Amino acid sequence: MKNSTIKLVLLSFVLILGFSSCSKNKAGESAATQKDAVEALKSRGVLVIGYDVDFMPLAYRDSNNDLVGYDIELAQETAKRLGVELKALPIDWEDKDNELENGTIDCIWSGYTITEARKKAHSLTSRYLANQQVLIVRKNGAVKNYDDLTGRVIGYRGASSSEDAINGNSSFKNKIGDAITYKDNKSCLADLKVGVIDAMVMDGIFAYYYVAQTGEPFEVIPTPLSDEEYSVCFRKNEPELRDAVEKILLEMANDGTVERISTKWFGKDVSLIGK
């Protein structure tokens, strides 16, 4: 009886030690993974960013099919200073979080709006650019202001800040007749142009640039639906990589690089980096 009791005690002790050792190893591996994120990136020699397709003027294909834009130039310079190459991958915006978490990309760098939920789920840099959610309408259409939206049909891109802005404004949501979700800005704008929808909620950064550069028959209603700020999004367990990129962005702001890039794309320095 006594021998059995002693054996059980010894067995329990061994199991506890084993569990404790296993837990410590896992925690150690996790810490090492976090610590080595920057070195692992440098060893691979490439920074992979995920970007939203055709998001003027942040990232889009120009007439020569070259990938250009404000975010692209910031990312290119950041990668250069990290000592690696930049690889930009177009991603389905609705699947952006999965692309990040499964390791397809190192970060989401494409007008990623800061929210409390995203702060908890990911490692976000400090704000780098301000944005608004605005209404874009046909120049000769019936909608000229928010009062004209009563019973009208609007469109917006799904899984976006535009959707959040609509759902977060009950008076606006109750005024409209219907809201149609789209996979991308391009298809939504196409339907707006032919009258399938009466207005579109979209990022002001995109809307103002698109209207000014394309000559399409649209105009932006100047009163914004909401205000927001952009950041670069990294995995939650890789804050060191986030910090390394943010440090470089601050250096770029201090040496005038950010101002130069911002002036090229917006006509003036609109950056929030370090401000």
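Okay, so let's go over this structure. Computed from a predicted structure; not experimentally measured. (Residues numbered from 1 in each chain as written. Predicted model: local features only at pLDDT ≥ 70, side-chain atom pairs only at ≥ 80, totals over all residues. Heavy atoms only, no water.)

1. Concerning the nonpolar core
Among the nonpolar cores identified, the biggest contains 53 residues, and Tyr70, Leu74, Trp109, Tyr128, Leu189 and Met200 are the most heavily contacted of them. The residues contacting tyrosine 70, other than those within four sequence positions of it, are Pro57, Leu58, Tyr128, Leu129, Val258, Ile261, Ser262, Trp265, Phe266 and Ser271. (Core = buried A, V, L, I, M, F, W, Y, C linked by side-chain atoms within 4.5 Å. Buried < 20%, exposed > 50% of the residue type's maximum accessible area, 1.4 Å probe, protein only. Contact = heavy atoms within 4.5 Å.)

2. Section: the pattern of salt bridges
Summed over all chains, the structure comprises 16 salt bridges. A salt bridge links lysine 119 to glutamate 116, with the shortest nitrogen-to-oxygen separation between them at 3.3 Å. On the criterion of helical spacing, the pair formed by lysine 119 and glutamate 116 is a turn pair, its members being 3 residues apart in helix α5 (residues 116-121). When its relative accessible area of 42% is taken as the criterion, lysine 119 is described as partly exposed. For glutamate 116, a relative accessible area of 54% puts it in the exposed group. With its nearest N and O atoms 2.7 Å apart, the salt bridge here joins arginine 127 to glutamate 229. Here arginine 127 is found in the loop between β6 (123-124) and β7 (129-138), whereas its partner glutamate 229 is found in strand β11 (residues 218-234), with 102 residues between them in sequence. With a relative accessible area of 29%, glutamate 229 lands in the partly exposed category. Ionic contacts of the salt-bridge type, sharing partners, join the residues Arg44, Asp106, Arg235 and Glu238 into one network. (Salt bridge = Lys/Arg side-chain N within 4 Å of Asp/Glu carboxyl O. Helix = DSSP H or I, 4+ residues; strand = E, 2+ residues; numbered from the N terminus.)

3. Let's talk about the pairing of β7
Within β7, 8 of the 10 residues are buried, which leaves it mostly tucked inside the rest of the structure. Sheet analysis places β7 next to β11, joined by 9 bridges and oriented antiparallel. Bridge pairing in β11 links leucine 135 to isoleucine 221. When β7 meets strand β10 (residues 199-203), the two strands line up antiparallel, connected through 5 bridges. Looking at the pairing, valine 134 lines up with methionine 202 of β10. (Pairing = 2+ DSSP bridges.)

4. Details of the side chain of threonine 113
Here threonine 113 is to be found in strand β5 (residues 107-113). In this structure threonine 113 touches Arg118, Ser161, Glu228, Glu229 and Tyr230, once residues within four positions along its chain are discounted.

5. Describing the packing of aromatic side chains
Scanning the model with the defined rule gives 9 aromatic pairs in all. Plain terms: the ring middles of tyrosine 146 and phenylalanine 172 are 6.0 Å apart, the flat faces sit at 75° to each other, and that makes the pair edge-to-face. Here tyrosine 146, found in the loop between β7 and β8 (153-157), pairs with phenylalanine 172, found in helix α7 (residues 170-175); they are 26 residues apart in sequence, far enough to count as distant. For tyrosine 146, a relative accessible area of 18% translates into the label buried. Taken together through their ring pairs, the aromatic side chains of Phe55, Phe206, Tyr210 and Phe218 make up a single cluster. Geometry around tyrosine 112 places arginine 118 over its ring, the cationic atom sitting 4.1 Å from the centre. (Phe/Tyr/Trp six-rings, centres within 6.5 Å; stacked < 30°, edge-to-face > 60°. Lys NZ or Arg CZ within 6 Å of the ring centre and 35° of its normal.)

6. A closer look at the environment of valine 46
By the secondary structure assignment, valine 46 is in strand β1 (residues 46-52). Overall, the relative accessible area of 21% leaves valine 46 in the partly exposed class. Contacts of valine 46, omitting those with residues within four sequence positions, involve Leu41, Val84, Glu85, Leu86, Lys87 and Asp106.

7. Some points on the packing of helix α3 (residues 70-82) against helix α11 (residues 257-266)
The N-to-C vectors of α3 and α11 enclose an angle of 155°; their axes lie 9 Å apart at closest approach. Between α3 and α11, the interaxial angle falls into the category roughly antiparallel. Remark: the crossing between α3 and α11 carries right-handed chirality. On the side of α3, the interface is formed by Tyr70, Glu73, Leu74, Glu77 and Arg81, while α11 contributes Thr257, Val258, Ile261, Ser262, Lys264, Trp265 and Phe266. Considered class by class, the residues forming the contact of α3 with α11 number 6 nonpolar, 2 polar and 4 charged. (Axes fitted to C-alpha atoms, helices over the stretch in contact; angles between N-to-C directions. Parallel < 35°, antiparallel > 145°, perpendicular 65-115°, else oblique. Left-handed = near helix turned anticlockwise from the far one by under 90°. Nonpolar A, V, L, I, M, F, W, Y, C, P; charged D, E, K, R; others polar.)

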